[in-house]
Amino acid sequence: NLMAAVFGRANRDDVVLSFYDSLLKSSDVSTLSENQWLNDKVIGFAFEYFEREMFEDICKHTVSLISPEVCQFIKLAKGDDVLAFLKPLSLDECRYVFLPVNDNDDESEPGGTHWSLLVYEYDKNTYHHFDSAGAYNSGAAFRLKQKIDTCLQAVTVPVFTEVSCTQQQNGFDCGLYVICFAELLCNSIQTAQEFPATLSLPHDAVGRKRQSMRSLIDELAARDPATG
């Protein structure tokens, strides 16, 4: 069992899974246990899995899923560093850009206390902000938007909107909401549905996502020759 193995190696931080550009260690996977705040590595892995397997077709041309680490760098970067970093991502070639937002604005310290999801929709020249804690991350999301704007080929300044979405009932599930929101939105895009004006999750969606993420990592680790 993956979680038993993770906690059985409490004094070490072994690699649990190597999946394309994602590397998960025991400490990362342990954030999927109950009542834990998800770290950037697990959210990045979920986005990597969406891109490589679950939503591979739409991620080739339509959707760009940007990792939390890259988003944080872009948000805190200054001057020419922003354009130099953004240009290779070719964000202006996608219809949708998914950006996990962290509220930490201190470049000298890792961490943060809240995650939300910002999605840029090219056809409507609009950023949709999905925040499971009201508008807690609105400021951080807007700062990220301003940096991303510099590489978009928009004729007018893109609009920023707060989207009504399911709200968390505690102080630690925000990262799971980002993953659930992103999966629901990618599924809508893949099935050619209208981009939703509101976003609702079943009451047990986040709890089930914690469990299914652990099972997925367990399954992928078993077929990874480096860790299985």
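Up top you'll find the structure we're talking about.
Notes on the structure follow.

Conventions we followed
Residues numbered from 1 in each chain as written. Predicted model: local features only at pLDDT ≥ 70, side-chain atom pairs only at ≥ 80, totals over all residues. Heavy atoms only, no water. Disulfide = S-S within 2.5 Å. Buried < 20%, exposed > 50% of the residue type's maximum accessible area, 1.4 Å probe, protein only. Helix = DSSP H or I, 4+ residues; strand = E, 2+ residues; numbered from the N terminus. Contact = heavy atoms within 4.5 Å.

1. Some words on the state of the cysteines
At step 1: In total, this model carries zero disulfides according to the counting rule given.
At step 2: Cys180 provides the cysteine sulfur closest to Cys174, a residue in no disulfide bond, and the two sulfurs are 12 Å apart.
At step 3: Taking the relative accessible area as the measure of exposure, Cys174 reaches 1% and is therefore buried.
At step 4: Unpaired in terms of disulfides, Cys186 finds its nearest cysteine sulfur in Cys59, a separation of 5.6 Å.
At step 5: For Cys186, a relative accessible area of 0% gives the class buried.

2. Some points on the side chain of Thr126
At step 1: As for its position among the elements, Thr126 is in strand S6 (residues 126–130).
At step 2: With a relative accessible area of 10%, Thr126 lands in the buried category.
At step 3: Not counting chain neighbours up to four residues away, the residues in contact with Thr126 comprise Val119, Tyr120, Glu121, Val159 and Thr161.

It is worth stressing that arrangement in space is one thing and function is another; only the former is reported here.
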